[in-house]
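Examination of the molecular architecture
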Amino acid sequence: MAGGRARAIESFLRSQVDAGTVSTAAAAVARVGVRAAAASWPRHVGHRQLLFDAASLTKPFVATLALQLHRAQLLSLDTRVGELWERCSPDLARHRLEDLLRHRSGLAAWAPLYRRCRRRSRVTRLLQGGSLSSAGAAELYSDLGYIAWGLLAETATGQSLSRLFDRFVAQPLCLGPLELTPGRRSDVAACACDNGQEVAIARAMGIRVAAGPPVRWGEPQDGNARFLGDLPGHAGLFVSLDAALGLGRAWLRSLSGRGPLDRDLTRRALAGRGEYALGWARRRGRGSAGPGLSTSAFGHIGFTGTSLWMDPANRAVLVLLAHRTDPLYDLLPMRRRFHQLGNSLLAS
């Protein structure tokens, strides 16, 4: 049965590569406590350890770190931004750190920080100043919110975000393999996507960003992640199927009180209303989860083509890791079809 599921996954991935939607892909579906059915295309002997640029799928990994730091009483989710950044704009200062991770901080969705700042140390001042605030939206998906949380966490603890992540998330949850900027290696999927989307968004903001070729093999496709270096909070991780499955299983098990994360904190993270929870998106019928997952499902996607969704009703974890070929191509149909396939495989 597991072999048949893996062949079905491989057939789906091959269809996407043959169509030119993505250049490389790997995927897995599993229930908690059951071995995952997984495959890749093109075929890779160690497909469960093959590293993909996670892009924004980095965010739930970083949000998990935020829960762990709160649990360890090193950085409370209830801390106000102004308590750590004294020279902060009043609008940002009043928000809690949790708001940054729920996309409710008032910060804009994105800005080409590599064009606005000469060096990383200037980013903090730019975020503090208030010029990157949004126009009154109560909830707005924001890379800048996660970047700000990462800088605040480093300020509060005196440690780099990558070191904190390794100590409080990667090691205790036994996540691996995952890395930062692994470089050109046989266990790293190459990415052929250029910066066309960033060029288009920046143009709409009245900022010129030069069009460039795809990034070097094993470097983050996200321009801000490359500029900020280390682990910037919003993107930058390279993850494997095993790492994504491990995170998904940890959350599902912890929600029922049998996992490595604090049960009350994971429930707090998913509580409330709106499109976004803490670290995750909620399932919407017209979103990437699609009708294949239950209404209790939660997950996240990454621009490069990555996706991780959990379905508590079925105790299921569905992972799709891929590298897109075109920065402006809509991957929503591919993601929805994968979740329909995964749901049917788990039901069989």
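These remarks concern the structure in this document. (Residues numbered from 1 in each chain as written. Predicted model: local features only at pLDDT ≥ 70, side-chain atom pairs only at ≥ 80, totals over all residues. Heavy atoms only, no water.)

**Details of the packing of aromatic side chains**
Our working rule: We call Phe, Tyr and Trp rings a pair once their centres come within 6.5 Å, taking the six-membered ring for Trp, and we label the pair stacked below 30 degrees between planes, edge-to-face above 60, and tilted otherwise. A positively charged side chain is recorded as over a ring if its NZ (Lys) or CZ (Arg) lies within 6 Å of the ring centre. The angle to the ring normal must also be within 35 degrees.
Evaluated as defined, the whole model comprises six aromatic pairs. An aromatic cluster is defined as three or more aromatic residues linked by ring pairs; in this entry it consists of W251, W280 and F298. The side chain of K59 reaches across the aromatic face of Y146, ending 5.8 Å from its centre. For R324, the ring lying beneath its charged end belongs to F303, and the centroid distance is 4.3 Å.

**Some words on the pattern of salt bridges**
Cut-off, in case you're wondering: Salt bridges are defined as contacts in which a side-chain nitrogen from Lys or Arg sits within 4 Å of a carboxyl oxygen from Asp or Glu. Relative accessibility decides the category of a residue: with a 1.4 Å probe and only protein chains considered, values under 20% of the type maximum give buried, values over 50% give exposed, and everything between is partly exposed.
A complete count under the given rule lists 17 salt bridges for this structure. The salt bridge involving D99 is made with R96; its shortest N-O contact spans 3.6 Å. Note on D99: relative accessible area 12%, which makes it buried. Residue R96 is classed as partly exposed on the basis of its relative accessible area, which comes to 24%. The closest approach of N and O atoms between E275 and R284, which form a salt bridge, is 3.2 Å.

**Overview of the sheet that holds strand β8 (residues 307–311)**
Our working rule: DSSP calls a pair of strands paired once it identifies at least 2 bridges connecting them. Helix numbering and strand numbering both begin at the N terminus, where a helix is a DSSP run of H or I of at least 4 residues and a strand a DSSP run of E of at least 2. A contact between two residues is defined here by any heavy atoms of the two lying within 4.5 Å. Fitted lines through C-alpha atoms give the axes, limited to the stretch in contact for helices. The angle between two N-to-C directions lies from 0 to 180 degrees.
Within the open sheet, the six strands sit side by side as β2-β1-β9-β8-β7-β6. Their pairing is antiparallel. Strand pairing shows two members of the sheet lacking a second neighbour, β2 (37–41) and β6 (281–282), which therefore form its edges. As paired elements, strand β7 (residues 298–301) and β8 share four bridges and run antiparallel to each other. Paired with I301 across the bridge in β8 is S307. Relative to strand β9 (residues 316–324), helix α12 (residues 241–255) is tilted by about 150°, and along the sheet it contacts β1 (22–31), β2, β7, β8 and β9.

**Focus on the packing of helix α2 (residues 58–71) against helix α8 (residues 143–157)**
Packed helices, taken two at a time, are described by their axes: the angle between them and the distance between them. For clarity, the cut-off: What sets the label is the angle itself: under 35 degrees gives roughly parallel, over 145 gives roughly antiparallel, 65 to 115 gives roughly perpendicular, and the rest give oblique. Crossing handedness is read from the near helix: turned anticlockwise from the far helix by less than a right angle, it gives a left-handed crossing, and turned clockwise, a right-handed one. Gly is placed with the polar residues, together with every amino acid not listed as nonpolar (Ala, Val, Leu, Ile, Met, Phe, Trp, Tyr, Cys and Pro) or charged (Asp, Glu, Lys and Arg).
Their axes nearest at 11 Å, the elements α2 and α8 cross at an angle of 40°. Relative to α8, α2 is oriented oblique. Crossing hand, α2 versus α8: left-handed. Here α2 contributes K59, V62, A63, L65, A66 and L69 to the contact with α8, which in turn contributes D143, Y146 and W149. Residue composition of the contact of α2 with α8, by class: seven nonpolar, no polar and two charged.

**A closer look at α8**
Where we set the bar: Each helix should span, by expectation, one fewer than its residue count multiplied by 1.5 Å.
Helix length check: α8 (15 residues) gives 22 Å between terminal C-alpha atoms against 21 Å at 1.5 Å per residue, within 8%. Counting buried positions over the 15 residues of α8 gives 12, a clear majority of the element. Residues of α8 that are buried: D143, L144, G145, Y146, I147, A148, W149, G150, L151, L152, A153 and E154. Downstream of α8 by a residue or two, G158 has a phi angle that is positive, lying close to 75°.

**Considerations on unusual backbone geometry**
In this structure, the amide linkage connecting W41 to the following residue, P42, adopts the cis form with an omega of -5°. Along the polypeptide, P42 turns up in the loop between β2 and β3 (52–53). The linkage connecting G176 with the following residue, P177, adopts the cis geometry, with an omega of -5°. For P177, the location among the structural elements is in the loop between α9 (161–170) and β4 (178–180). Non-glycine residue A55 carries a positive phi angle of around 55°.

**Describing the pairing of β1**
Within β1, eight of the 10 residues are buried, which leaves it mostly tucked inside the rest of the structure. Here β1 pairs with β9 via nine bridges, running antiparallel. Within β9, the residue paired with R31 across the bridge is A316. Relative to β2, β1 is paired through five bridges, and the arrangement is antiparallel. Among the inter-strand pairings, A25 is bridged to a residue of β2, identified as W41. Between β1 and β2, which pair antiparallel and follow one another directly, the connecting turn spans five residues, one of which, G33, has a positive phi of 85°.

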